[in-house]
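Report on the structure
Now for the letters of each chain:
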Amino acid sequence: DTAVSQTPKYLVTQMGNDKSIKCEQNLGHDTMYWYKQDSKKFLKIMFSYNNKELIINETVPNRFSPKSPDKAHLNLHINSLELGDSAVYFCASSQGDRAAFFGQGTRLTVV
Amino acid sequence: SQKIEQNSEALNIQEGKTATLTCNYTNYSPAYLQWYRQDPGRGPVFLLLIRENEKEKRKERLKVTFDTTLKQSLFHITASQPADSATYLCALVRNTDKLIFGTGTRLQVFP
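Throughout what follows, the structure given in this document is the object of discussion. (Residues numbered from 1 in each chain as written. Chains lettered and ligands numbered in written order. Predicted model: local features only at pLDDT ≥ 70, side-chain atom pairs only at ≥ 80, totals over all residues. Heavy atoms only, no water.)

**A few points about the side chain of Thr31 of chain A**
By the secondary structure assignment, Thr31 of chain A is in strand β4 (residues 31-37). Residue Thr31 of chain A is classed as buried on the basis of its relative accessible area of 1%. (Helix = DSSP H or I, 4+ residues; strand = E, 2+ residues; numbered from the N terminus. Buried < 20%, exposed > 50% of the residue type's maximum accessible area, 1.4 Å probe, protein only.)

Next comes the structure, spelled out in structure tokens:
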């Protein structure tokens, strides 16, 4: 069983479209994250959810919105996609100060 | 603003030698620090955690030190192997819900 799974693995879409990336964790963790990794491989935190409550919201455009239907899921919705949104998006989960577990990543390409 | 920097973009060493990676931070007082390994096309994988009141942690061929006065952590891989080639990321945590990553160091171990 995959601990943190995100879909799709690859996403190619046109500018202006709206898309979603799904994430699920089966570890029972309280905290889930979304990270963006750009072409320079820098991993930047976008959102963090703890027990379904948004606890940090870094300076990301409001075109990005996290949605958590329950503790095990944290989906990322992106409206009006732009070229600069092209990156790899990682979902992760953790519990307290223990290790964070990452999904396989979603490579988003906006054309 | 908070900054987490890791030494150089790439570190090349010969098999059998000890690799030493550096993580420096400013404007931050982490409660603990984690190290992750990331292979191409995959999400980061947790390696070690060290708390602010700990000076050193070991796990097999890995050793981490944490100097809160220097605001620095060193990550050592002894008897390095080509299979250790990857990007290594440090991550700092103040509150358990905010995991911030450094810029990463790419390690290449040559036979």
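**Concerning the environment of Val45 of chain B**
All names here are of chain B. If you trace the backbone, Val45 turns up in strand β5 (residues 45-51). Each C-alpha atom, one on Val45 and one on Trp35, is 8.6 Å from the other, the two residues being 10 residues apart in sequence. Other than its neighbours up to four places away in sequence, Val45 contacts Trp35, Tyr36 and Arg37. (Contact = heavy atoms within 4.5 Å.)

**Structural notes on the packing of aromatic side chains**
Applying the stated criterion across every chain yields a total of 12 aromatic pairs over all chains. Centre to centre, the rings of Tyr33 of chain A and Tyr35 of chain A are 5.7 Å apart; their planes meet at 40°, and the pair counts as tilted. Residue classification places Tyr33 of chain A among the buried residues on the basis of a relative accessible area of 1%. Their ring planes at 35° and their centres at 5.4 Å tell us that Phe75 of chain B and Tyr88 of chain B sit as a pair that is tilted. With a gap of 13 residues between them, Phe75 of chain B in strand β8 (residues 72-77) and Tyr88 of chain B in strand β9 (residues 86-93) connect regions that are remote in the sequence. (Phe/Tyr/Trp six-rings, centres within 6.5 Å; stacked < 30°, edge-to-face > 60°.)

**Details of the pattern of salt bridges**
Residues and elements named next belong to chain B. Within the structure shown, the criterion is met by 8 salt bridges over all chains. Among the salt bridges present, the one from Asp84 reaches Arg61, with a minimum N-O distance of 2.9 Å. Placement of Asp84 in the loop between β8 and β9 and of Arg61 in the loop between β6 (56-59) and β7 (62-67) is noted, with a sequence separation of 23 residues between them. Assessed through its relative accessible area of 7%, Asp84 is described here as buried. (Salt bridge = Lys/Arg side-chain N within 4 Å of Asp/Glu carboxyl O.)

**Looking at the interface of chain B and chain A**
On the side of chain A, 22 residues touch chain B, which itself brings 20 residues to the contact. Remark: the boundary between chain B and chain A carries 0 salt bridges. Only β4 (32-38), β5 and β10 (99-101) of chain B provide two or more residues apiece to the side of chain B that touches chain A. The leading source of residues in the side of chain B that touches chain A is β4 of chain B, at 4 residues. Tallied by class, residues from the side of chain B that touches chain A come to 9 nonpolar, 7 polar and 4 charged. (Nonpolar A, V, L, I, M, F, W, Y, C, P; charged D, E, K, R; others polar.)

**Here's the deal with the pairing of β6 of chain B**
Every regular strand shows the same layout, with side chains that alternate between the two sheet faces. Residue and element names in this part refer to chain B. Where β6 lies against β7, 4 bridges are found, and the strand directions are antiparallel. Residue pairing in the sheet places Glu56 in a bridge with Thr65 of β7. The hairpin formed by β6 and β7 contains 2 residues between the paired strands, and Glu60 there has a positive phi angle of roughly 55°. (Pairing = 2+ DSSP bridges.)

**A closer look at the nonpolar core**
In this structure, Tyr35 and Phe102 of chain A together with Trp35, Phe75, Tyr88, Leu99 and Phe101 of chain B are the most contacted members of the largest nonpolar core, which totals 44 residues. The dominant element in this core, judged by the number of residues it contributes, is β9 of chain B, at 7 residues. Ignoring anything within four residues of it in the chain, the contact list for Tyr35 of chain A reads Leu43, Lys44, Ile45, Met46, Val88, Tyr89, Phe90, Ala92 and Phe102 of chain A together with Leu99 and Phe101 of chain B. Among the nonpolar cores identified, the runner-up in size contains 20 residues, and Val4, Leu11, Trp34 and Tyr49 of chain A belong to it. (Core = buried A, V, L, I, M, F, W, Y, C linked by side-chain atoms within 4.5 Å.)

**Focus: the sheet that holds β8 of chain B**
In a beta sheet, neighbouring strands are held together by backbone hydrogen bonds and run either parallel or antiparallel to one another. All names here are of chain B. With respect to topology, 5 strands assemble into an open sheet ordered β1-β3-β8-β7-β6, the strand pairing being antiparallel. Each end of this open sheet is capped by a strand with a single partner; those strands are β1 (3-6) and β6. On average, each strand axis in the sheet is tilted by 15° relative to the strand beside it, whichever way the strands run. In the sheet, β1 pairs with strand β3 (residues 19-26) via 4 bridges, with the strands oriented antiparallel. Opposite Lys3, over in β3, you have Thr26 as the bridge partner. (Axes fitted to C-alpha atoms, helices over the stretch in contact; angles between N-to-C directions.)

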